[in-house]
Amino acid sequence: MTLIKSISGIRGTIGGRAGDTLNPLDIVKFTSAYATFIRRSGKSTSNKIVVGRDARISGEMVKNVVCGTLMGIGYDVVNIGLATTPTTELAVKWSGAAGGIIITASHNPRHWNALKLLNEQGEFLTKDDGNEVLDIAAREDFEYADVDGLGHYTEDNSFNQRHIDSVLALDLVDVEAIKKAHFKVIVDTINSVGGEILPDLFKALGVEATFLNGEANGDFAHNPEPIAKNLGGIMDACAKGGYDLGVVVDPDVDRLAFIQEDGQMYGEEYTLVTVADYILDHVKGATVSNLSSTRALRDVTEKHGCKYYASAVGEVNVTTKMKEVGAVIGGEGNGGVIYPESHYGRDALVGIGLFLSSMAQKGLTASQLRQTFPNYFIAKNRIDLSPETDVDAILVKVKEMYGQQADVQVTDIDGVKLDFPNKWVHLRKSNTEPIIRVYSEASTMEEADELGKKLMDVVYSM
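Cut-off values and rules
- Residues numbered from 1 in each chain as written.
- Predicted model: local features only at pLDDT ≥ 70, side-chain atom pairs only at ≥ 80, totals over all residues.
- Heavy atoms only, no water.
- Helix = DSSP H or I, 4+ residues; strand = E, 2+ residues; numbered from the N terminus.
- Rg over C-alpha atoms; globule rule 2.2 N^0.38 Å.
- Buried < 20%, exposed > 50% of the residue type's maximum accessible area, 1.4 Å probe, protein only.
- Pairing = 2+ DSSP bridges.
- Axes fitted to C-alpha atoms, helices over the stretch in contact; angles between N-to-C directions.
- Contact = heavy atoms within 4.5 Å.
- Parallel < 35°, antiparallel > 145°, perpendicular 65-115°, else oblique.
- Left-handed = near helix turned anticlockwise from the far one by under 90°.
- 1 Å grid on protein atoms, 1.4 Å probe; cavity = no way out; pocket = protein on both sides within 12 Å on 5 of 7 lines; lining within 4 Å.
- Points joined across faces, edges and corners; volume = space filled by probe spheres on them.
- Nonpolar A, V, L, I, M, F, W, Y, C, P; charged D, E, K, R; others polar.

Visitor: Would you mind going over the overall build of the protein chain with me for this structure?
Guide: In terms of regular secondary structure, the protein chain is built from 15 helices and 20 strands. Against the 2.2 N^0.38 benchmark of 23 Å for 462 residues, the protein chain shows a C-alpha radius of gyration of 22 Å, consistent with a compact globule. By its C-alpha atoms, the protein chain is 65 × 60 × 40 Å across when sized along the principal axes. Relative to its full complement of 462 residues, the protein chain shows a buried share of 55%.

In structure tokens form, the structure reads like this:
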């Protein structure tokens, strides 16, 4: 039984007592707080809120509660049905809405669901805005419309095709080169909305696509996080031959991972690296990823004579830094590609179009393309602490210990990151549980794990 409230939305497991899980009472309260915030912010004169959802089993129930609550506040609801997170983000912009709610728990298992909250630009709320929503919810500082002021409800299922059309229209998505390459791919859409939109995207690109877990019924065939231990089926299929590429998305299609033609993981960290290299081949400019993403993006960016910047972890932090430095491409190492020419949001459809364009233009197989990039490995560990532990004090001590060393660059915008000449380690606290996440990267997995364990020992000694 879990309910987690954060600046990005509300997330939890379905069923149980009110206040303990994601249940109708909490959905009403949080949706009311969000709608009240949007109204008071005055950033949009529109009276529309867009609602889209992934294919989770609980999605229909949550959608009904969300839509009814928004109408009760007085907003007109545009329900775009089964839709990816990036599709919903774009729908907010295209429909001129005041905001949007995405009903998805992203890569979490089937018994989870969540509300992700968008502003009038179709982008995630800032930290300050998210905190304001949490405050309104805590105080239950909202009121509902009278009978003559209730909102209206409409359904619009046109946005999937509009999203596809927008990807095809991007200058650097080379549709003709992709068609000439006659790619054959196998795609795992994990029984969610990727199965609704990706068949039409691949058809438009002239790519022959075979689908695994393609029915959007929400009954996930495996753990939906797109990492190697969950992807045995598609990796085995690629290893048997006959496919140029395996394509994997998460349930809301904002994360993107690839399988090479030989059945090996391409590496989700390298989704962004590959797309960035392709973009920089054509357009020079800055790149951005978060502090926990691979150093390979920095290396590739500097190879092109351009400047790399790091942001705090979290999509809104990445997009804020991208706008600040005018980045031409950015994202997160978990397979999240953010391409401003489309919109400021992670978008697997955009990533697919750009990745296939790179393969087609360079005439390389996936494994050959992967070999053109620096090789790094990331180890992920965690330190479990007692609730009374002063995590901030620990991180300050770590910063002080290493800050005097000439060969270490210390960054403290989000936890503490220690950059050594040939490796790095990043320690950051969780906002929801008493743990420190420890990510480390080096030229071998053994060295990366050794570095992470070394810093864990340092923390334990405190």
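Visitor: Is there a simple way to explain the sheet that holds strand β9 (residues 208–212) in this structure?
Guide: As a general point, the strands of a sheet are linked pairwise by backbone hydrogen bonds and lie either parallel or antiparallel. The sheet built from 4 strands is open, its strands ordered β9-β8-β10-β11 with mixed pairing. Two strands bound the open sheet, and with one partner strand each, they are β9 and β11 (256–259). Neighbour to neighbour, the strand axes of the sheet diverge by 25 degrees on average, direction disregarded. Taken together, the 4 bridges between strand β8 (residues 184–188) and strand β10 (residues 245–249) define a ladder with parallel strand orientation. Counted as the bridge partner of I186 is G246 from β10. On the sheet, helix α7 (residues 194–204) packs against β8, β9 and β10 and is oriented at approximately 165 degrees with respect to β9.

Visitor: Explanation requested: the packing of α7 against helix α12 (residues 348–362) in the structure shown.
Guide: Two quantities define a packed helix pair, namely the angle between the helix axes and the distance between the axes. The geometry of α7 relative to α12 is characterised by a closest axis approach of 11 Å and an angle of 25 degrees between their N-to-C directions. Between α7 and α12, the interaxial angle falls into the category roughly parallel. Classified by chirality, the crossing of α12 by α7 is right-handed. Together, I197, L198, L201 and F202 of α7 and L349, I352 and L356 of α12 make up the contact between the two elements.

Visitor: Looking at this structure, I do not really get the pairing of strand β6 (residues 112–118). What am I missing?
Guide: Moving residue by residue along a regular strand, the side chains alternate between the two faces of the sheet. Most of β6 is tucked away: 7 of the 7 residues are buried. Direction of pairing for strand β5 (residues 99–103) relative to β6: antiparallel, over a ladder of 4 bridges. Its bridge partner being in β6, I102 is matched across the sheet by K116.

Visitor: Would you mind showing me how to read the layout of surface pockets here?
Guide: Over the atoms a probe the size of a water molecule is rolled, and this reveals where empty space is left. Quantified by volume, the second largest pocket comes out at close to 510 Å³. Lining the second largest pocket are 20 residues, with G267, E268, E269, I378 and M445 sitting closest to its centre. Top contributing element to the lining of the second largest pocket by residue count: strand β16 (residues 377–384), with 3 residues. Looking at the lining of the second largest pocket residue by residue, the classes come out as 10 nonpolar, 4 polar and 6 charged.

Visitor: Just to check I follow, could you spell out unusual backbone geometry for this structure?
Guide: The phi torsion of most residues other than glycine is negative, and most of the peptide bonds are trans. We note that H182 has phi near 50 degrees; this positive angle belongs to a residue other than glycine. For H182, the location among the structural elements is in the loop between α6 (175–181) and β8. Accessibility expressed as a relative area gives 61% for H182, which makes it exposed. For N213, which is not glycine, the phi torsion reads 50 degrees and is therefore positive.

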